[in-house]
Amino acid sequence: TPVILWFRKDLRLGDNRAIAHAVTTGRPVLPLYIHEPNNGPLGRAQCWWLHHSLVALTRSLERLGSRLLLRSGPPKAVLSTLIAESGATEILWNRRYDPEGIETDSALKAALRADGITAHSFPGQLLHEPSRMKTGTGGFYRVYTPFWRAFESSGEPEEPLPPPLALPPPDVWPDTETLDDWHLLPTKPDWAAEFRNVWTPGEAGAQRRLQDFVKAGLQGYAVRRNFPAEPHVSMLSPHLALGEISPAQIWRATRVLAGDVRVEDLTSLRKELVWREFSYHLLFHFPELARRNFSEKFDGFPWRNDPEGLQRWQRGETGYPIVDAGMRQLWRTGWMHNRVRMIVASFLVKDLLIDWREGERWFRDTLVDADPASNAASWQWVAGSGADAAPFFRIFNPISQGEKFDPDGAYVRKFVPELKALPDKFIHKPFDAPLPVLEDAGVSLGKTYPLPIVDHKAARERALAAFRGLAGPS
Ligand code: FAD
């Protein structure tokens, strides 16, 4: 009888424990992907990614003499049908660690076992299980640095597994749906047109991205990772988000490179991977991370209801070039540089006083790397309401941040081309440029580029006053 290999957020063949186990059974394998109602937890940008990733996975499986079965519906119903059709008695999958994933896993396991089906789940989305790290008193970590220290002293993550050489097919393949039935791609307008130039979804694309980064970007990462116009970040996050590459594979690259790349660059990359782990650790212990303030003190925060401000932020029309460049990079490519994510998030929450959950929701729908843990944890970090958060009074100044991290305006010029001809001195503050300078550059504020929707200094004071109004200790 065959075993069912259920793919979820692990769309890869390498370092995949469920696959490795399937091979050891020596039985025919039925690889399956289930499209959940309403796209499960995925936003629209990630649906685009998923479509292409499933195409890539199908091809890789075909090279092993196998296929990928596509079925849609609630997982329990789909699995029961396939079990009845195929006579399978065993189901294997890799775990998800978001609250819905955990809930599905435990309910499914109980139901399948009650039906006499063996259900096995495996780790692999993280370097360590999110429950593994415990404080001295047995609780969970709320602060990153001690979490990192505990992580460092808890032993090296396991070596990644090689991909299988073949997957035995069943005698008869059950029916499959087709990807086109799922309508994962945008139709009109085709907002993903530019995604194709930037990304190659799939395991091979992920491995290539890692190799390119290791060759050309990693040296200097510790410092240059803050400069959005420079090629010093890996852009691996969307591949990680759907599990096309495992964190253990990236970690291994940092180990192999020891000696060739400066230690501070390797450590810095490891620390970022551990921020991802920390986010999952927080989500595991506080499943409402995307919905509720981690710090209750913020529950009474006087957020403004400002649909127009929210829309101007979403469209990249705030009048602050670094903010607009970031929001347009997000819309055009489905991704935004980390430094700029912090700047735009601070702008929404502190300059516009709009609830961080609005930002979290927009990112979830537009990011190809939308991640239930990192997105929620990072928004709460910026808002000041999170665990180990930036203090609320630390408000990013969009002008000086731009001047510091995009000193020649290359990033702004790329995504806000209407400001292209402005001299460097004014690229981050066109509103301070004398009229003749604007005219020379073909910029007409309020017409070709918006005037600032808020005055940053005044907005900063407003935010601090709102914060002071909160009761309780900070
Ligand atoms: P690199 O610098 O190359 O880092 C390598 C990997 O480390 C990343 O792919 C990522 O998995 C991890 N990592 C790096 N920085 C962080 C971080 N601050 N927190 C957690 N993990 C990190 N990241 C997501 O993957 N999904 C999200 O939905 C997401 N939402 C965010 C929202 C806000 C408001 C902010 C400020 C940050 C968010 N991040 C999110 C974290 C971070 O911005 C991205 O992980 C990073 O920009 C991805 O680019 P990269 O792969 O080139 O990163």
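Being a predicted model, the structure only gives us computed values, none of them experimental.

Caption draft 1: Here's a closer look at the overall build of the protein chain. Broken down by element type, the protein chain carries 21 helices and five strands. Relative to a compact globule of 474 residues, whose C-alpha radius of gyration would be 23 Å, the protein chain shows 24 Å and is just as compact. Across the 474 residues in the protein chain, those meeting the buried criterion constitute 44%. For the protein chain, contacts bridging at least 24 residues in sequence account for 76% of all contacts bridging at least 6.

Caption draft 2: Looking closely at the sheet that holds strand β1 (residues 3–7). An order of β3-β2-β1-β4-β5 is seen for the five strands of this open sheet, with the pairing classed as parallel. Of all the strands in the sheet, just β3 (69–72) and β5 (118–122) have a single pairing partner and so form its edges. Strand-to-strand, the axes of this sheet are offset by a mean angle of 25 degrees, without reference to chain direction. Both β1 and strand β4 (residues 90–94) contribute to a ladder of four bridges, which runs parallel. Bridging across to β4, Ile4 finds its partner in Ile91.

Caption draft 3: Structural detail: the UniProt feature "site: Electron transfer via tryptophanyl radical" (unreviewed entry) in the protein chain. Under the local residue numbering, the UniProt record ascribes the feature "site: Electron transfer via tryptophanyl radical" (unreviewed entry) to Trp303, Trp356 and Trp379. For Trp303, the location among the structural elements is in the loop between α11 (263–285) and α12 (307–315).

Caption draft 4: How the structure looks around the pairing of β4. The buried fraction of β4 amounts to four of the five residues, a majority that puts the element mostly inside the structure. For β4 and β5, the ladder comprises five bridges, and the chain directions are parallel. By the bridge assignment, Trp93 is partnered in β5 with Ser121.

Caption draft 5: Spatial organisation of the site of the ligand. Among the 27 residues in the neighbourhood of the ligand, the closest are listed as Val233, Ser234, Asn338, Asn375 and Ser378. Looking at the shell around the ligand, the elements with two or more residues in it are α9 (237–241), α11, α14 (338–351) and α16 (372–383). Grouping the constituent residues of the shell around the ligand by class yields 14 nonpolar, seven polar and six charged. Mapping the shell around the ligand onto the domain boundaries places at least three of its residues in each of domain 2 (126–157 + 201–285) and domain 3 (296–468).

Caption draft 6: Region of interest: helix α2 (residues 44–63). Spanning 20 residues, α2 covers 29 Å between terminal C-alpha atoms, matching the ideal 28 Å at 1.5 Å per step. Among all positions of α2, only Ala45, Gln46, Cys47, Trp48, Trp49, Leu50, His52, Ser53, Leu54, Leu57 and Leu61 are buried. Of the surrounding elements, those touching the buried residues of α2 are β1, β2 (29–35), α6 (195–198), α9 and α15 (356–366).

Caption draft 7: Looking closely at the domain arrangement of the protein chain. Domain annotation of the protein chain identifies domain 1 (3–125), domain 2 (126–157 + 201–285) and domain 3 (296–468). Residues of the side of domain 1 that touches domain 2, tallied by class, amount to eight nonpolar, seven polar and five charged.

Caption draft 8: Summary view of helix α13 (residues 321–333). Along its 13 residues, α13 runs 18 Å from first to last C-alpha, staying within 8% of the 18 Å computed at 1.5 Å per residue. Burial analysis of α13 places 10 of its 13 residues in the buried class, the great majority of the element. Positive phi appears at Gly334, one or two residues downstream of α13, with a value of about 80 degrees.

Caption draft 9: Representation of the packing of α14 against α16 within the structure. Running from N to C, α14 and α16 point in directions that differ by 60 degrees, and their axes come no closer than 9 Å. Between α14 and α16, the interaxial angle falls into the category oblique. Considering the relative orientation of α14 and α16, their crossing is right-handed. In this structure, α14 uses Arg341, Met342, Ala345, Ser346 and Val349 to contact α16, whose residues at the interface are Ser378, Trp379, Val382 and Ala383. Residues that form the contact of α14 with α16 fall into these classes: six nonpolar, two polar and one charged.

Caption draft 10: Main features of the nonpolar core. Core analysis: the largest hydrophobic core is formed by 117 residues, its most contacted members being Ile4, Leu5, Trp6 and Leu32. Those residues in contact with Trp6 that sit more than four places away from it in its chain are Leu32, Ile34, Ile91, Leu92 and Trp93.

Caption draft 11: Broad picture of the UniProt feature "binding site: FAD" (unreviewed entry) in the protein chain. Residues annotated by UniProt as "binding site: FAD" (unreviewed entry) correspond here to Tyr221, Asp369, Ala370 and Asp371. Taken together, the annotated residues stretch across 151 residues and extend over separate regions, lying up to 22.6 Å apart by C-alpha. By the element assignment, Asp369 lies in the loop between α15 and α16. Given 21 C-beta atoms within 10 Å, Asp369 falls into the buried group. Filtering out sequence-adjacent residues up to four positions away, Asp369 remains in contact with Ser237, Pro238, Ala241 and Trp335. Turning to its location among the elements, Asp371 is positioned in the loop between α15 and α16.

Parameters at a glance
- Residues numbered from 1 in each chain as written.
- Predicted model: local features only at pLDDT ≥ 70, side-chain atom pairs only at ≥ 80, totals over all residues.
- Helix = DSSP H or I, 4+ residues; strand = E, 2+ residues; numbered from the N terminus.
- Rg over C-alpha atoms; globule rule 2.2 N^0.38 Å.
- Buried ≥ 20, exposed ≤ 12 C-beta atoms within 10 Å, placed from the backbone.
- Contact = placed C-beta atoms within 7 Å.
- Pairing = 2+ DSSP bridges.
- Axes fitted to C-alpha atoms, helices over the stretch in contact; angles between N-to-C directions.
- UniProt positions renumbered as here; feature names shortened; annotations may be inferred.
- Near = placed C-beta within 6 Å.
- Nonpolar A, V, L, I, M, F, W, Y, C, P; charged D, E, K, R; others polar.
- Domains from an automatic or database assignment.
- Expected span 1.5 Å × (residues − 1).
- Parallel < 35°, antiparallel > 145°, perpendicular 65-115°, else oblique.
- Left-handed = near helix turned anticlockwise from the far one by under 90°.
- Core = buried A, V, L, I, M, F, W, Y, C linked by C-beta atoms within 7 Å.

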